[in-house]
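Structure at a glance
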Amino acid sequence: MKTLIHNATIVNEGRIFNGSVLIEDDRITDIVEGDSIPTGLHEDKSLQSIDATGMLLMPGVIDTHVHFRDGGMSENPAGTFYTESRAALAGGVTSVIDMPNTKPQTTTIEALEAKETLAARDSAVNYGFMLGATNDNIDTLLAIEPTRYAAIKLFLGSSTGNMLVNDSEQLDHLFRDAKKLIVAHCEEEAVVQANMLNMKCEYQGTDKETAALHPQIRNTEACFLSTYKAIERARRFDTRLHIAHISTATELSLLSNFEITKKNITAEVTPNHLWFDDRDYAKLGNLIKCNPAIKSNDDRLALWAALEDDIIDTIATDHAPHPIEAKQKPYFDAPSGIPSIQHSLQMMLEAGVNDELLTLIVSKMCHNPALLFGIKDRGFIRKGYKADLVLVRTGVEETVTKESLLSKCGWSPLEGMTFHSHIEHVFVNGKEKGSAEPLSFNR
């Protein structure tokens with residue numbers, strides 16, 4: 001099967017140009033600049049042709065931080081691979097890496113294989129998995145063939161699923177001997193717990209028990225101390241370390257702006273930390289409660305600047321659905337997490353569609369995730385690469401409604417928001433509406 005996407009505005013590898021892309025079966029076989037059509041296609045009656053005039057053509061988004069909640073043993077998980085992967089597809093995301101804090105936790109080869117079977121049956125997008133570190137599984141973890149999984153997820157602060165690792169000897173063992181990238185959730189547990197105790201004593205059960213307390217409990221100190229310790233340990237053992245969902249300006253001083261292939265310590269930011277700030281708690285409350293907390297507008301602006309300066313390397317959602325009934329509980333009882341994968345690309349595009357921003361978005365959401373995680377043949381528009389592509393029409397209005405949401409939880413803090421872009425076509429392995437495969441990792 002052949003598909004020709006022609007007259008598109010192609011955004012790829014730092015360039016924006018008009019051209020066409022030819023797909024044969026699951027791969028890109030030709031890229032032509034200008035308005036000409038590849039030789040020999042004019043008479044091909046089996047050719048499917050898409051006129052992409054006025055549309056942006058990008059590599060499919062690779063979201064390397066999702067919580068699809070589906071481990072195969074929860075009776076009623078907040079999300080499933082079926083529902084969440086279709087929300088991803090609708091948002092232009094063609095590949096995801098799922099986190100290990102599910103039921104059961106993905107901390108063994110058996111749990112990994114069970115998830116692979118689940119995703120092979122249900123997923124609409126390509127999939128890979130992180131294995132989770134615990135205080136007592138480091139030897140087991142390090143014995144698993146590194147190309148079988150995407151990275152090691154390390155919780156240095158407790159969050160949903162409670163996989164906190166706080167054994168110093170085991171942390172040294174992991175950082176010294178890991179053959180894979182370590183992706184760390186960094187919040188200093190002692191600081192968070194002390195703040196939590198103080199706030200509960202003062203505010204629980206009062207009218208001041210609101211989500212506005214969240215950035216005071218999971219504060220800048222907690223983030224900076226944990227990130228500092230993780231980076232110090234990584235430098236001591238020459239470990240590849242990726243700081244997940246960075247949220248404060250102060251942490252940025254610990255990072256460098258070298259090219260991504262030339263640094264061992266990298267960082268991720270979520271669209272939510274670039275979009276919201278602590279003023280939004282008054283309106284949205286627990287709907288934007290997430291770990292680490294959304295913080296000040298100064299922090300938000302600093303994260304944008306760091307993204308543009310290559311201090312932050314990737315954008316990933318930390319997509320984390322919960323039932324709306326759970327989110328409507330009082331602050332201290334409500335879970336942390338925001339469903340956002342269906343609109344992550346639109347959120348980024350809403351900042352503008354100038355050349356500099358477009359190339360930045362594609363670099364941080366497509367190219368760099370593939371480079372950092374060693375994902376084979378994806379993340380770029382290149383001959384011979386898998387045809388994971390997204391066509392976006394800009395300059396049109398699309399309002400987020402409850403009826404349009406595909407995540408199982410059925411809510412979003414973005415309800416009522418009008419974007420000025422529309423995800424028009426998404427190809428996964430050369431096919432629209434999904435033809436998912438397991439991701440292949442080369443390191």
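Here the structure is a predicted model, which is why all the values come from computation and not from measurement.

**What about the overall build of the protein chain?**
When its secondary structure is counted, the protein chain shows 13 helices and 16 strands. Against the compact-globule benchmark of 22 Å for 443 residues, the protein chain has a radius of gyration of 21 Å, which places it among compact chains. Reported as C-alpha extents along the three principal axes, the dimensions of the protein chain are approximately 75 × 50 × 45 Å. For the protein chain, the proportion of contacts with a sequence separation of at least 24, taken over those separated by at least 6, is 75%. Carbon and sulfur atoms make up 48% of the accessible area of the protein chain, which amounts to about 17,300 Å² in all.

**Concerning the sheet that holds strand β9 (residues 151–155)**
Read from one edge of the open sheet, 8 strands run β6-β7-β8-β9-β10-β11-β12-β13, paired in parallel fashion. Each edge of the open sheet carries a strand with a single partner, namely β6 (61–66) and β13 (314–315). When strand β7 (residues 93–98) meets strand β8 (residues 126–132), the two strands line up parallel, connected through 4 bridges. Paired with Ser95 across the strands is Asn126, a residue of β8. Packed onto the sheet, helix α2 (residues 109–122) meets β7 and β8 and runs at close to 160° relative to β8.

**Points about the pairing of strand β1 (residues 2–12)**
Most of β1 sits inside the fold, with 8 of its 11 residues counted as buried. Pairing between β1 and strand β2 (residues 15–24): 9 bridges, direction antiparallel. Following the sheet pairing, Thr3 is matched in β2 by Ile23. Here β1 hands over to β2 after 2 residues, with Glu13 in that stretch at a positive phi of 50°. Inspection of the sheet shows β1 paired to strand β4 (residues 48–51) by 4 bridges, in the parallel sense. Among the inter-strand pairings, His6 is bridged to a residue of β4, identified as Asp51. In this structure, β1 lies alongside strand β5 (residues 55–59), joined through 2 bridges in parallel fashion. Counted as the bridge partner of Ile10 is Leu57 from β5.

**What about the nonpolar core?**
Residues Leu174, Leu241 and Leu345 are the most contacted members of the largest nonpolar core, which totals 74 residues. Tallying contributions element by element places helix α13 (residues 355–373) first for this core, with 7 residues. In this view, Leu345 contacts Met58, Val61, Gly91, Ile361, Met365, Val390, Val392 and Ile423; residues no more than four positions away in its chain are not counted. Phe276, Phe332, Ile338 and Phe419 belong to the second largest nonpolar core, which has 24 residues in total.

Calculation criteria
- Residues numbered from 1 in each chain as written.
- Predicted model: local features only at pLDDT ≥ 70, side-chain atom pairs only at ≥ 80, totals over all residues.
- Heavy atoms only, no water.
- Helix = DSSP H or I, 4+ residues; strand = E, 2+ residues; numbered from the N terminus.
- Rg over C-alpha atoms; globule rule 2.2 N^0.38 Å.
- Contact = heavy atoms within 4.5 Å.
- Areas by Shrake-Rupley, 256 points an atom, 1.4 Å probe, with all protein chains shown as cover.
- Pairing = 2+ DSSP bridges.
- Axes fitted to C-alpha atoms, helices over the stretch in contact; angles between N-to-C directions.
- Buried < 20%, exposed > 50% of the residue type's maximum accessible area, 1.4 Å probe, protein only.
- Core = buried A, V, L, I, M, F, W, Y, C linked by side-chain atoms within 4.5 Å.

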